[in-house]
Amino acid sequence: MKKLSLLLVLVILNACSTSKRPHTTPLGVIGRQAMVVSAHPLASGVGSRILKQGGNAWDAAIAVQFALAVVYPVAGNIGGGGFAVFREEDGSVGSLDFREKAPLAAHRNMYLDEQGEVLGRKSLEGHLAAGVPGSVDGMVTLYGKYGSLPWSTLLQPSIDLAANGFTLTEEGATALNRSRDLFIQVNTFDVGMVKQEPWQSGEELIQPELSKTLIRIRDQGRDGFYAGETASLIIDEMKRGQGIISFEDLQKYHSTWRDPLIGYYRGNRIVSMPPPSSGGVALLQLLGGIESYPVARYGHNQWRNMHLMTEIEKRVYADRATYLGDPDFYKVPVEMLLDTQYLKDRMSAINLRKSTPATAIKEGNVEVVESVETTHFSIVDPKGNAVAITTTLNSYFGCKVMIKGAGFLLNNEMDDFSVKSGVPNQFGLIGAKANEIAPEKRMLSSMTPTIVDDQDGLVIVVGTPGGSTIITSVFQAILNVIDHGMGMQEAVDAKRFHHQWLPDRILVEDDVLSEKVEKKLRRLGHDFESRGNIGRVDAILVLPNGHLEGGADKRGDDTAIGF
Ligand code: GLY
């Protein structure tokens, strides 16, 4: 009886301490009808203007994707790929996979020498690192089903920004300067992103060749990229740099509609990206793993939560390395991974008083973790349609190869494959057979565009860049709102941490750990590594009065514009 009443108290406490809407005064930009949040103020401005012209969330998303390719070339792209998750005003949901594919000439050992050792940085820099781009096909496909304004209206803002130039921010100038040497090293001609003196904020970046490519896409749609002049320029570039993307690769590339992954967390429906992203599966595993714990009572970034989240993350990332890959090539056991009993059994080994070493969960060798880039944007239109898109070139400016005459950069997404089983990629993630290279296969991703709703309608639109840290950043943003009662901006501002099984240490942003919490966690056996920033979450929350709160990440130039 005593046991039963204790249980009852715990259940009641837990129920009282969770809320899907914020307890606090919102700190973010408020829109009464619509909101666009992206990595760059000019791209958010483009999206917002499209909505004001009567465009829907998909129209705005397409315009933002092209605008980011101009004003945020670090990760915005037409030479990369991504994923879209969306929710229509009536609650129906969908997702589009426009992830890059391995070229037809790719093979399992293409980055290994005769001794089977990894060949330098071939999967990271230069022509061989590029997968067949998917972004333009993705936008054309989204438009074909959901677009409402003329296609040319969606392209024109980015054409103008490329042709007339735009003003570099401090962050934009620093990013260009940081990659200067690599641009020079991998390109056989003078690229417009390199100049004699370092770039300064306030300078104009004009991209005439990119504007011409965007005009071809405006006028010819898919053929403006995958055929004709742009395709010829891509193939010429491949010949110059011994790349392997062919006309046939470009012609055959098509994005794929996928059923989004659906799960539930404290009465909310979580809609996220299925494989070839690991994001949705891992996010649902993380939420499923923590749901039975009183997260709100444990306190935001307090030791119990940090320990628990870390222990769950280790197990989820170990599963990711083993089981996740392109479902068109490998039978990913999604149902098994999300099975309630499986998760219960998997998490039952968690010791609340002691860290489990990563080696006891599964073996592996992992080295350094490098910088991470990708970009995410979230949009809600006046009718309540919501679109979450995460898109990427992989590293900063992808493989750094500019297509001569076409003015855009190619991705280095091939590094997201498991180049050699057990050897980590640039994010320190290791992989197995599920993610080995094969022609036309899509490389595993961590991108996690996600939408949360409940019986009353839309609640959150969320996503972030950050390579392997994407999944845990989205996880934290959702817990911050649902369990800790934060508004969207507060949830985005909150300090983050991350564990990915291997290497066996918690990555922490500055100031996430109080002295007391650090001491306690060290006593439980955790180790730490400082990481400047983790993630750049751009998200939207529907407030109890129906208004929209934008959460734009201050870790970058990210900007929310609502009306
Ligand atoms: N390239 C980063 C990702 O797809 O997760």
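The structure contained in this document is the topic of the report that follows. Each residue is numbered by its place in its chain's sequence as written, counting from 1. Predicted model: local features are reported for residues with pLDDT of at least 70 only, side-chain atom pairs are reported and counted for 80 or more only, and whole-chain, interface and lining totals are derived from all residues. Excluded from the side-chain calculations are hydrogens and water; all other atoms, namely the structure's heavy atoms, are used.

## Considering the site of the ligand
Near residues are defined by distance, with any heavy atom within 4 Å of the molecule or strand qualifying the residue. By nearness alone, nine residues border the ligand, and Asn394, Glu413, Asp416, Ser445 and Ser446 come closest of all. Under this definition, polar contacts are N or O atom pairs within 3.5 Å; protein pairs additionally need one hydrogen-donor-capable and one acceptor-capable atom, and for neighbouring residues in sequence, both atoms have to be side-chain atoms. Contacts to the ligand include Asn394, whose side-chain N or O atom sits 2.7 Å from a nitrogen atom. At 2.7 Å from a nitrogen atom of the ligand is found a side-chain nitrogen or oxygen belonging to Asp416. Using a 1.4 Å probe, accessible areas were evaluated by the Shrake-Rupley method; residue-level cover was limited to the displayed protein chains. A total of 200 Å² of accessible area belongs to the ligand in isolation, and the protein chains cover 99% of it.

## Digging into the environment of Gly243
The topology assignment puts Gly243 in the loop between helix 10 (228–240) and helix 11 (247–252). Sequence separation of Gly243 and Gly466 is 223 residues, and the distance between their C-alpha atoms is 27 Å. The residues touching Gly243, leaving out its near neighbours within four places in the chain, are His127 and Met238. Each helix is a run of H or I in the DSSP string that is no shorter than four residues. Each strand is a run of E no shorter than two, and both are numbered from the N terminus. Here a residue-residue contact requires only that any non-hydrogen atoms of the pair lie within 4.5 Å.

## Side note on the pairing of strand 12 (residues 450–454)
Using a 1.4 Å probe on the protein chains alone, a residue whose accessible area is under 20% of its type maximum counts as buried, one over 50% counts as exposed, and one in between counts as partly exposed. Within strand 12, five of the five residues are buried, which leaves the element mostly enclosed by the surrounding structure. The two faces of strand 12 match: Thr450, Val452 and Asp454 on one face and Ile451 and Asp453 on the other face are all buried. With three bridges connecting them, strand 9 (residues 268–272) and strand 12 associate as antiparallel partners. Paired with Arg269 across the two strands is Asp453, which belongs to strand 12. As defined by bridge partners, strand 12 adjoins strand 13 (residues 457–462) across five bridges and the pair is classed as antiparallel. If DSSP finds at least two bridges between two strands, the strands pair.

## A closer look at the packing of helix 12 (residues 279–290) against helix 18 (residues 470–482)
Between N-to-C directions, angles span 0 to 180 degrees; the directions come from axes that are lines fitted to C-alpha atoms, helices contributing only their stretch in contact. Relative to each other, helix 12 and helix 18 sit at 45°, their axes nearing to 9 Å. It follows from the interaxial angle that helix 12 and helix 18 lie oblique. Here the hand of the crossing between helix 12 and helix 18 comes out right-handed. Taken together, the residues of helix 18 that come into contact with helix 12 (itself represented by Gly279, Ala282, Leu283, Leu286, Leu287 and Ile290) are Ile471, Thr472, Val474, Phe475, Ile478 and Leu479. Residue composition of the contact of helix 12 with helix 18, by class: 10 nonpolar, two polar and no charged. An angle below 35 degrees is read as roughly parallel, one above 145 as roughly antiparallel, one from 65 to 115 as roughly perpendicular, and any other as oblique. Crossings are assigned a handedness: left-handed for a near helix turned anticlockwise from the far helix by less than a right angle, right-handed for a clockwise turn. Classes in brief: Ala, Val, Leu, Ile, Met, Phe, Trp, Tyr, Cys and Pro nonpolar; Asp, Glu, Lys and Arg charged; the others, Gly included, polar.

## Things to note about the pattern of salt bridges
For this analysis, a salt bridge means a side-chain nitrogen from Lys or Arg found within 4 Å of a carboxyl oxygen belonging to Asp or Glu. Within this structure, the stated rule accounts for 29 salt bridges. In this structure, Arg87 and Asp453 form a salt bridge, with 2.7 Å as the shortest nitrogen-oxygen distance. Linking Arg87 in strand 3 (residues 81–87) with Asp453 in strand 12, this pair joins segments that are 366 residues apart in sequence. Classification of Asp453 as buried rests on a relative accessible area of 3%. Measuring nitrogen to oxygen at the nearest pair gives 2.7 Å for the salt bridge that ties Glu529 to Arg505. Taken together, the residues Glu529 in strand 16 (residues 528–530) and Arg505 in the loop between strand 14 (497–498) and strand 15 (506–508) connect sequence positions 24 residues apart. By relative accessible area, Glu529 is classed as partly exposed at 35%.

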